[in-house]
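Observations on the three-dimensional arrangement
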Amino acid sequence: MKKKIVFFSIIATVAIAMTSCFGSSEEPTFVENDLLGLWQETGTEAYVRFTSEKDNTGEYKYGSEWDESEDIFESDLLPYGNGWFKYKLVKSDLTEIHLMDNGGAEVPKIYVVTKLTDTELQYKDNFGTTHSFDKVVEKN
C-alpha cells in the first residue's frame with residue numbers, strides 16, 4: 001500500500017511540475033482602440049498616427065507616419081498616398097499595409113506588439129528590432 005501512495009505522489013508531483021513548466025501558451029491580446037492617436041518614436045522626430053477611420057472594406061483603419069527630421073510633416077502627406085497605411089490589430093499582431101502614390105502599390109508590414117498602454121507602445125518588426133513610442137499630446 002505504501003508503494004502505491006509513493007508512486008501516485010511521484011506521478012502527481014511530476015504532472016504538476018510539467019504543467020507549470022509549460023506556462024500559458026496564450027498570446028497576449030491588445031485592444032485596437034488603444035492605438036488611436038499620435039505617437040512619437042522614442043528619441044526621434046518620427047511620428048505615427050492611428051485613426052478610427054475605416055477603409056471601404058471595414059476590415060482596416062487608416063494611419064499615417066512621417067519623420068520631421070527629414071523635413072516631412074503631417075501636413076505634407078497627401079490623403080491615402082505615401083506616408084499613409086491601413087492597419088488592423090488582432091491579439092498582438094499589428095498588420096500595416098502601406099499605400100504608395102506610384103501605381104497604387106500596397107506594401108504589407110507585420111509587427112508583434114509587446115506593450116500597449118495609455119502612454120507607451122512597443123512592437124517588434126520581422127527582423128526582431130523593437131520600436132518604442134510615446135503617446136503625444138496633439139500637436140497644433
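Structural data are supplied above this passage.
Residues numbered from 1 in each chain as written. Predicted model: local features only at pLDDT ≥ 70, side-chain atom pairs only at ≥ 80, totals over all residues. Heavy atoms only, no water.

This part covers the sheet that holds strand β5 (residues 93–99). In space, the eight strands of this closed barrel follow the order β1-β2-β3-β4-β5-β6-β7-β8, with antiparallel pairing throughout. Taking each pair of neighbouring strands and ignoring which way they run, the sheet shows an average axis angle of 35°. Looking at chain direction, strand β6 (residues 106–116) and strand β7 (residues 120–124) are connected through four bridges and run antiparallel. When the sheet's bridge partners are listed, V113 is paired in β7 with Y123. (Pairing = 2+ DSSP bridges. Helix = DSSP H or I, 4+ residues; strand = E, 2+ residues; numbered from the N terminus. Axes fitted to C-alpha atoms, helices over the stretch in contact; angles between N-to-C directions.)

Within the largest apolar cluster, 15 residues are counted, with the highest numbers of intra-cluster contacts made by L35, F50, L94, V113, L116 and L121. Counting residues per element, the ones that place at least two in this core are β2 (46–54), β4 (84–90), β6 and β7. Counting residues in each nonpolar core, the second largest holds eight residues, with L38, Y62, W66 and W84 among its members. (Core = buried A, V, L, I, M, F, W, Y, C linked by side-chain atoms within 4.5 Å. Buried < 20%, exposed > 50% of the residue type's maximum accessible area, 1.4 Å probe, protein only.)

Turning our eyes to something else, we now look at the pattern of salt bridges. In the structure shown here, the tally under the stated rule is six salt bridges. Residues joined by salt bridges that share partners form a network here, namely D55, K86 and E106. (Salt bridge = Lys/Arg side-chain N within 4 Å of Asp/Glu carboxyl O.)

All right, on to the pairing of β4 then. Within β4, five of the seven residues are buried, which leaves it mostly tucked inside the rest of the structure. Two strands pair when backbone bridges link them, and strand β3 (residues 61–67) and β4 are joined in this way by four bridges, in the antiparallel orientation. Of the residues in β4, the one forming a bridge with K61 is Y87. Pairing geometry for β4 and β5, over six bridges, is antiparallel. Across the sheet, the residue bridging to F85 is H98, located in β5. Following β4, the chain reverses through two residues before pairing antiparallel with β5; K91 in that reversal takes a positive phi of roughly 55°.

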